[in-house]
Every structure is written in C-alpha cells, then in structure tokens.
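Survey of secondary and tertiary structure
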Amino acid sequence: MIAIGRELASRSGGPVRVALFGEKVRALADALAGHGVEVLLAEDPALAEYTPDAYGQAAQSIVESTRPRLILVAHTSQGYDLAPALAGTMDLPLVTNCLALRFDGERIMATRRLLNEKVQAEVEIASSRPIVATVRPGAAKAAGPAPGGIITSTTVRIDGSKVRTRFLSIERPQVQDIDIAGADIIVSAGRGIQKKENLPLIEEFAKALGGVVGASRPLTDMDWLPKTRQVGQSGKTVRPKLYVACGISGAMQHVAGMKDASLIIAINTDPSAPIFEVAHVGIVADVLKLLPATLKELKS
Amino acid sequence: MTGSADDATLRRALEQAIGEEKVRTDDSILRTYSTDASPCAVEPRAVAFAETEDDVRAVLQVCRELEVPITPRASGTSLSGAAIGPGVVLDTTRFHRILEFDLERRRIRVEPGILLAELTAYLAERGMRFAPDPGSQDLCRIGGMVGHNASGYRSVKYGQTRDHVLGLRILLADGTPVHAHDIPLEGAEWREIVGRANGLEQVRKEIEAHQDAILSSRRPIRKHSCGYDLVGPAESLARGVFPLASLFVGSEGTLGVVTEVTLRVLPVPARRVTMLLYLDRFEDLGPAVADILTWGPSAIEAVDGDSLALLDREALGIPRTAKAMLLVEFDEGDPDAIADAVVRRVATRYRLSRDAEVASDPVRQSTLWKVRRSLFPTIIQRPGPRKAWGFVEDPIVPRDRVPEFIAFLVDLTRRHGTTAGIYGHIGDGNTHYRPFFDPTDPQDFERMRALREEFDHTVLNRFRGAPSGEHGIGRIRAETLPRVWGSEVYGVMRRIKEALDPRGLLNPGVLFSSDPWWATWGGLESRVPM
Amino acid sequence: MPLNIVVCLKQIPNPDLQFQIAPDGKDIKREALNYKLNGADEYALEEAVRLKEKSGGRVIALTAGPKRTEQMLREALAKGADEVTRIAFDEPAAYDVGKVARLLAAAIRTLPHDLVLTGVQSDDLVNSATGGLIAGILGLAHASVVTRVESKAGGLEVACELEGGLQRVYSMALPAVLTIQFGANTPRYAPLPAIMKAARQPIKELSPAALGLASWDAVSLPYTFGVRGLSPPAAKGHAEMITGTVEEQAKTLAQLLREKGFARR
C-alpha cells in the first residue's frame, strides 16, 4: 500500500501520508516511518481494538483534516468493513478490491478482476471529492525502507456516544487436528470432487505422496473437512514443497494461501479456471478419473 | 407422521441404541441426506449408520417407540425419491461385507451395503459376475438395487435384479427376522414363519383372494419397477409356493429392511462382440431391432436423431445424416459369426449412414459405447435454466412398439415447446426420456404438468405400458401407481403394506401417496439433475 | 424482540461458467448466461429467516435489477421471506456499486428495518462494498464478514471473521447492517410447491418515482463512473499443461512426481 501510494504520489506530485490508529502503537509508527512517509499517528483508548464506529470516526476526522485526493485501504476483512462505510458516511466515491490504480488526468483508473478472476475490468472514476479505494493485498511489492519519514501525532475526535459497536473478544479456532501449515506436501480438494464420498480418494492420493489433505473454503463450509484444513485467506497460509489442487477453481481467497508453494500442480475440468495461472503444472481433467489412474501408475 | 418426540430425544435414543459415532444430526449431514438422485428433497431428522443387523434392529425399535418413520438407504442413487424420508434415514453403506461365496452352487451371500462395483470386482477374480448392470453401476449398492428391482443395459437378456435374488434376510417393521425365499405352503417352514411374522398369512390371503384381478392386470411388457410384484406370487401360490423374496424385491423399503442378500451369479462371458449402426431412416429402427432380436443380443441400445443432435457430432464421429443409432452386443455362441450375419442382414435391408462398426476387443468396444455413454452426461450438463429433470424418465412399452413410442415422445416434446434426450434399452422396450424444462418458471411448470399428464395417459392406455421399467415408483410416480394396476390390485398392494407395517413407519410417502409428482421437489436452484 | 429484517439480494451470472467479452468491450456477452442468487446472499437470506423464526418479525427481500430477478425473489419467498421488493433498475450489468447501494438505501428508507443483511460479497463484481455503503448512507451501525448473529437484549452479538480464522466478537445496537459470510449457516432448499405458491404472491416494484427520482440517471452521485473496458486477464506465468487422454495424463503426472521425488515407493 505504501508502495502504491508512493508510486501514485510521485506521478501526481503530492505527499503520501499514512494514518495509523490504535493505542500504544508507537513502535509500529516508527516502522512505518522507516519507509520514508509521514505517519499520522492517532492514539486513543477508544482505538485500542478495531470497531467499525470508532475507526470510522477516526478515519473521517483524518480525511476532513487532510483533504486527500485518494484514500487507500487494504482490501482485507477489516479494510472492506471500514472503507465502504466511510465512503457512504461522507458521500465519497468508492472503488474496491483493486489490482492496480493510476491517475489518468483528472480521473482515477482502477484495474479489477471479476467473475472468478475470469474477466479483467478497467474502470474510471472522476470526482472533486476524495476517492476511497481498497487495494488487494499483494497487488504490489512491499515498499522498501526510505529516508525522510516523520511521525506526526494527531488528535481525532471520537464521540463515544456514537460508538454503537463494542468489542467483546477475539475467538481463536480450536486446534485439535493436524497442522497443515507445516506440511511439505499438501493435496487439496475443492468443489470439483463433487461429493463427500470422494474424499477418501484424495486421502489415498495424499498418502501415496506422503502428504496431508487440505481443502478450499466451500468444502470446509459444508463440513466435509474441519476448518483447520482450509487453505486461503480466511484459513491457513501454506508454503509446502508440493501443492496439488484437485478440482479447485482458484479464487483469489484460496490462491492467497498457497501461491508460494514450490511446486503447484492443478487439476481442473475447466481450462479457464484461474488456478492454472498460479500453477506450475496444469492438467485439464476430471480429478475423479485422473487420480485413480495416477495411483495405478504410481503403484505399477 | 414425524413423531412427537423432539429432535434431542430422538438423537439420544439412537445414540443409546447403536452408539454415538453411528448417529449424525448436524445441519450439513441432514442436508446431504435430504436428497437422492431424484429432484425430490426431504430433510430427515437424523441419520443412523448401521453396520450390523443388530444396529438395524435397534434403530427399528427406537423408531417404533418414538413413532418416527425410517427410510433405508444405500448409495442414494434412487431416481424416484425412494432413498429420502422425513424421519430417520438408515444408511447401510457401512454394512457391506461379503459373507459367503459358493462357486459350485453359483451363489453369493452379501450384506446390503456392498457396492456393486466391489461385488463385480470380487466375482471377476473368480470368473463370475452378477448380471444386472444399471447406469449407476459405479456407485450403486446391492440394497438399493434390491429395493428398486434395478436393471440396465443387458436386461434384454438377463432381466432384472429380482431374477437373480435367491433369498433375502429381512427385518419387518416390528423387528421380526424373515428369511425370504421360495417357501412351500405345505411345509413346516411356512407354518413356523407365519407363527412369528404377523401379517404374512394375511398377505397370502390377499393375493389369493384377488388372483384373477392380479393376473388380468398384467401388461404386455417385459419388465417393470412399479410396485410390489404380485403376478409372480399369484402364479406361484396357485402351485402351492410363496416366492417371498420376489415380493420384497422392488418394494422400495416399504415392507421391511433387508439385512442379507443371496444372489445368483453367472460366469463372465468368454467373449463379447459389439456393433454400432447408424440408420438414415427412423422408420427402419423398428424392423432393424426386430431383425436383430432374433439373434438374441445381450444388449441393444438406441438413441434417436434429435438426441444425437444434442451431442458433438464432429468429436464423436456421428454421421450428419443419422436419424437413429443402434448399439448391439452379443456374448454367446460364436459372436463373430453372429456379428457378420447381422451386419450383412442389416446392411442389405436398411439404409445405413455409414458401414457398421464391429469390435471384439474391449478397448474398441468401449469406443463404440462412447456415444451412448456420453449422452446422459451431455444431457444433464446442458447449460441454461431448462434442465433435464427426471419426471417422466423411464417408461416401458411393448418392445415391438418402441419406434412408434419414440415417435410419440418426439412429437410430445415438440408440442410442449421443448427438446429432450430420448434413448434407452430398446431391446426390452424400456426408454429413457429427459425433456428440458425449468420447473421454477411457472409457465414451464405448467408445461411439465400438461406433458406429464399426457405422457401417463398415453403410456398406460394407448401403449399398454408402464411409467417405470427400472427406476421405481418412489415419490415421483406414486400418484400414478393406482392407474397402472387398477384400483382392485392397488388395494391389494395397500393392504399388504398395512398387514406388514400397520403403523406406516417404513418409508412413508414412497409408493403409496396421492401427492402430485412435484410435491416434494426442492433445492432445484442449487442442484443439477442426475 | 420481533425484528423487521431487510435482506438485500443480488442475481449474478453463475461464475463457474466461461465468459466472453461483448463486442463493445464494456460488458460480458449476456445472451446465454445462467443466473443465480449470489452465493453469500443465500447465507444472508437464511440468516434473516432463522432470526425471524427465532425472534419473530418479518423478512423483506430487496433487490435492484431487471425483470429476470423476479425468479430469484420467488426463490426468496419460497425460502421464507415474507415480502419481496424489486427496484426496477434495468441496467443488466450495474457495474457501479455506489449507485446500486444508493438505490438500495433509498428503498430501505421506505421499509421498516431493524436489521439489514446482505452477503459479504457478490461473486460477479467482488466489491464487498454494498453493505458498508448502505450503513454509511443510512447512518446505521454495521459489521462485516459475520459468521454468527444472536439477538441479545435490545441489540445483537455478532462474530466477524478475520484473516487466519480468527473471529472478532462485538455487541452492537440496532438498527444495524451486517454482511454475512459464506458458511454462516446451511441455507435451506426452496421447495418447488413453495416456489409455485410464491408465483402467485405479489412482487412490489419500485420505479424511480417511488424513490423520489425523475429517472435512474437522476441518482445524485458525488462522482462520475465508467467502465473503460473489459478484457480476458493477461495470463501471467501460465501453467505448463499436461495433455492427452486421462491415462496419458496420469502416466505423465506419475512420472513427474517420481522425478521430483514425491512418489513414495
């Protein structure tokens, strides 16, 4: 995000400021300033934990005081909680889940992916008001260190009477299953396996390779496998030596969790499935037919 | 009736009866077991996984005590909605051992949950096979085949499951075990059984009392899966024998739960020869089939021209001019000589779109079967909101009238404003018919209702056929069952059911129901036809 | 406490299909598409109906879209919605999420609403923006990526999913907007008889005038929006493909696994 901000700022000629909210987050502010940007540090007990209302008020306060041309927010579950509500509250233009952003004269051009990553769209927004944009994690290489960063302490107005969401707790998933994050070989199943009854086939294949079974989100949603096996943004991030994606289409959320595997083999019946973009080796085939045939080959 | 006990009470009772690990009541499992291969969806209250006959008995007892219905289920590939129910679904897939194989007497005794594919592999190693081969042969299990009286490609020669069942062990609704096979009425065994099994004597009396009506209700068709077999028992009873297994085969889980099956097995044929013919004139189909039947084929499948048009003609090498396809197989005598003779006869009498193809090695044979086998997947995966939901999918007519019947189906489809897949086991008169509709669109739904009504009427009255050759009555054809056999014989079936299951615990809603065919359809928005 | 719930639904092209770009490059070809209820919205609808079944109240399903969305609304009625409303916004693609959210918000203002639910994202445009925008426009409390909702004295307790499987639990006041995450529940099937019954139920239709607008183009927006063009995504580092029959593919794959030392002997 800092990298994208710096790049955009260098073309438009304005400064990049990073707003940091929280309580006792000075160390983080220092780290951010190390990237050569001005950090607007807003510390307040009401910002100790994220809540949509308190952070929303803080963001609004910063936008009002700095009047930026562009407000960048990470497209994470917290980011797309905050950004659209901010745009709605302040009546600002919004574009979300962007792969890339650039200025084109007065307009902002955003590159987005639609329809299961199968279509790319260029959209343009022009406005005299600050534009809110969320950027997909990993859309750019993280910014390197740079000199000249400063930290500016800022006060934001938070009206406690208007904070309608109260933080209660963080729940962690109960772990009582194998940890796929540490596995060298993962064979993951997706909706392409069609039926829960076909899971033993995946298990057998994983066993033949000495690996463990992972899954894409739809399978854990249906309770075919425990949540602990889920690879992806809302599950585990894995970096195995071998990742075999069986009947997984390759939605962005899944790819985020496995794209760094050393060798990715993807099997899918749909030749246009986005998984083939991240895979090193692709096979257009019905996994229910290919795996038994491969097992037979491996045994012979 | 779904019983008065609440879900928690039911779950606890089942857990106590068969153990916690064999009982599931969570959302996702209830969802999975709320459907079979039909468009019906009925959510159960619990799923019990039986591994032994004791488990079955214990679940039956819980269901009796709590007045909760029970639906036995194997792989859940029923196309009629017979493998789902509103109470406890009794999954038998873990109840799947081979108990005894007797090569000399050519029989094998198995538990109901065994996969047909597993049984086939076991028998193949011993040079034998179990003959019925439904389209779901990779998935289906013996228990489901018995329940539906299943058959398949080779039924023209080898008949239905009933023809290969030598005996069954069954638990009746009240838990009484019955060994069902051919039992002489004069013997001690019959006296012993009727002494224990309430209602069996009444079943015998019902059949005997209505023997004339039963025999005259027969239709000129070679097989059916439309309710209890009464003709067989009526004829046998006249000779003093009650073929008890015959009554239970095809009873769709409404009379008892099968816990053991004894099957007749046959040697694997030494050789098979397969031939593929494309006809330029649809009118030639009937005479060509009649000719071929005189040689005794082991399979004879047809696909009509409109259905061929649904396929990728280029990729599958289907001639542009073909109006019908015939796939024929022989497995006895000197197959090559027979094939030669058939090809010569057919080529001289009928206009072939191109030379007949003959294959005697398995690899070539499977290429010839490819067109036939690719039809069903193509039909069910066709894009668009109109899908090939099965609601008229399995009619059987006298086999000499199949070409006339296919012509009727083509016309019926067009008149109701859609297209369809029409194909099937032409050798025994059994057609598969899958018109494309979107049942969630009110206008299409009305078309479906009108088509179904005309279909039932014409199959039953004009063709003297029956609505199901092998898929069963289930929920989708229950409203039509009285019209198949007439009210007197239907009454006999109902009273047999009441005699053996007076409280209606076994698979209610299946076979006997006045609900319209679509009453339990559900989830079509997120499902695909099977 | 009985809850008046509005659930915002979207009908989308089935994203499992393949898509072609229309000749003008501004949309996909829409002639032969299969439409369905957006995946996350199914969970939102189910959550709404479950909350109603537990607490009492009413569920109104709301959409903005062309006539074809009536089928989806009938499905919603069949699954337990009490009323359905269609904003007759006929733009087939509706790429501008800000405009759609403003229309939805305007309609929600006219409906009783203690709680507004929608899916966490639409699988066609993947903005994850509609819920938050509505909350901002209407000034309602909100929470996103919700996996659990419980009605608690005068308010709600909700669990929101974070990256890495963590959940953040809030208590919040009503009225509120929640975006519901995939897998939050098991959506029920629509029974066909209920769909047929729904076919006879009225679908309330909102014209621009009903929302105080002269036309759909008259929505006041603080920006101008345009689709410059659609394209197939550039294949970056596309996989090396193994082709052939299944048997041949299996042979090649097995060989590859052996070569790389992954096959256990």
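Quick summary incoming for the structure in this document. For clarity, every value in this text was computed on a predicted model and none was experimentally measured.

Our next topic: the overall build of chain C. From N to C terminus, chain C includes six helices and 13 strands. C-alpha atoms of chain C, sized along the principal axes, occupy 65 × 45 × 40 Å. Looking at chain C as a whole, 60% of its 265 residues qualify as buried. Of all intrachain contacts in chain C linking residues separated by at least 6 positions in sequence, the fraction that spans at least 24 positions is 71%. Per element, the accessible surface of chain C, about 10400 Å² overall, is 50% carbon and sulfur. Looking at chain C, you have 31 positive and 29 negative side-chain charges, and the mean spots of the two groups are 2 Å apart.

This part is about the overall build of chain B. The number of helices and strands found in chain B is 19 helices and 19 strands. Its C-alpha atoms give chain B a radius of gyration of 23 Å, within 12% of the compact-globule value 24 Å for 530 residues. Considering only C-alpha atoms, chain B reaches an extent of 65 × 55 × 45 Å along its principal axes. Buried positions account for 62% of the 530 residues belonging to chain B. Residue pairs at least 24 apart in sequence account for 74% of intrachain contacts in chain B once pairs closer than 6 positions are excluded. Summed over all atoms, the accessible surface of chain B reaches about 19400 Å², with 48% contributed by carbon and sulfur. Between the averaged position of the 68 positive side-chain charges in chain B and that of its 76 negative side-chain charges there is a distance of 3 Å.

What follows deals with the state of the cysteines. Enumeration according to the criterion identifies zero disulfides over all chains in this entry. Cysteine Cys226(B) remains unbridged, with the sulfur of Cys40(B) as its closest cysteine sulfur at 16 Å. Lacking any disulfide linkage, Cys8(C) is separated from the closest cysteine sulfur, that of Cys160(C), by 17 Å. By relative accessible area, which is 2% here, Cys8(C) ends up buried.

Looking now at the sheet that holds strand E1 (residues 3–8) of chain C. The pairing of strands in a sheet comes from backbone hydrogen bonds and takes either a parallel or an antiparallel form. The strand order across the open sheet built from 10 strands is E9(A)-E9(C)-E8(C)-E7(C)-E10(C)-E6(C)-E1(C)-E4(C)-E5(C)-E11(C), with neighbouring strands paired in mixed fashion. Across the chains shown, the open sheet's two edge strands, defined by having one partner strand only, are strand E9 (165–171) of chain A together with strand E11 (204–206) of chain C. Neighbour to neighbour, the strand axes of the sheet diverge by 30 degrees on average, direction disregarded. Bridge count for strand E4 (residues 57–64) of chain C against strand E5 (residues 83–87) of chain C is five bridges, and the pairing is parallel. Among the inter-strand pairings, Thr63(C) is bridged to a residue of E5(C), identified as Arg86(C).

Taken as a class, soluble globular proteins show a tendency for nonpolar side chains to be buried jointly. Formed by 94 residues in total, the largest nonpolar core has its most connected members in Val7(C), Ile87(C), Leu115(C), Leu117(C), Val158(C), Leu178(C) and Ile180(C). Discounting chain neighbours no more than four positions away, the residues touching Val7(C) are Ala44(C), Leu45(C), Ala48(C), Val59(C), Ile60(C), Ala61(C), Leu62(C) and Leu117(C). If you look at the next biggest cluster of nonpolar residues, it comprises 66 residues, including Val146(B), Leu172(B), Ala234(B) and Leu481(B).

We now examine the interface of chain C and chain A. The interface is formed by 82 residues belonging to chain C together with 87 residues belonging to chain A. Regarding the contact of chain C and chain A, the summed buried area is about 7100 Å², with carbon and sulfur atoms giving 55% of it. Summed over the shared surface of chain C and chain A, the number is five salt bridges. Glu124(A) is the partner of Arg228(C) in a salt bridge, and the nearest nitrogen-oxygen pair spans 2.7 Å. Among the secondary structure elements, those contributing two or more residues to the side of chain C that touches chain A are helix H4 (130–138), strand E7 (141–152), strand E8 (155–161), strand E9 (167–173), strand E12 (224–231), strand E13 (240–242) and helix H6 (246–259) of chain C. Of the residues forming the side of chain C that touches chain A, the biggest block, nine residues, is contributed by H6(C).

The subject of this paragraph is the environment of Asp229(B). All names here are of chain B. Looking at where Asp-229 falls in the secondary structure, it is placed in the loop between helix H9 (211–216) and helix H10 (231–238). Between the alpha carbons of Asp-229 and Arg-373 there is a distance of 31 Å; along the sequence they are 144 residues apart. The contacts of Asp-229, once residues within four sequence positions are left out, are Arg-162, Ser-246 and Leu-247. Engagement of the side chain of Asp-229 in a polar contact is seen with the backbone nitrogen of Gly-232, the distance being 3.3 Å.

What follows is about helix H17 (residues 402–415) of chain B. Residues and elements named next belong to chain B. With 14 residues, H17 should reach 20 Å at 1.5 Å per residue; the first-to-last C-alpha distance of 20 Å fits that figure. Buried-residue contacts for H17 involve helix H12 (285–293), strand E15 (299–304), helix H13 (305–308), strand E18 (420–425), strand E19 (430–435) and helix H18 (442–462). Looking one or two places after H17, you find Gly-417, whose phi comes out positive at around 75 degrees.

Parameters and conventions
- Residues numbered from 1 in each chain as written.
- Chains lettered and ligands numbered in written order.
- Predicted model: local features only at pLDDT ≥ 70, side-chain atom pairs only at ≥ 80, totals over all residues.
- Heavy atoms only, no water.
- Helix = DSSP H or I, 4+ residues; strand = E, 2+ residues; numbered from the N terminus.
- Buried < 20%, exposed > 50% of the residue type's maximum accessible area, 1.4 Å probe, protein only.
- Contact = heavy atoms within 4.5 Å.
- Areas by Shrake-Rupley, 256 points an atom, 1.4 Å probe, with all protein chains shown as cover.
- Lys, Arg positive; Asp, Glu negative; His and termini not counted.
- Charge placed at Lys NZ, Arg CZ, Asp CG, Glu CD.
- Rg over C-alpha atoms; globule rule 2.2 N^0.38 Å.
- Disulfide = S-S within 2.5 Å.
- Pairing = 2+ DSSP bridges.
- Axes fitted to C-alpha atoms, helices over the stretch in contact; angles between N-to-C directions.
- Core = buried A, V, L, I, M, F, W, Y, C linked by side-chain atoms within 4.5 Å.
- Buried area = accessible area lost by both parts, 1.4 Å probe.
- Salt bridge = Lys/Arg side-chain N within 4 Å of Asp/Glu carboxyl O.
- Polar contact = N/O pair within 3.5 Å; in protein donor to acceptor, adjacent residues only side chain to side chain.
- Expected span 1.5 Å × (residues − 1).

These results come straight from atomic positions and should not be treated as a statement about function.
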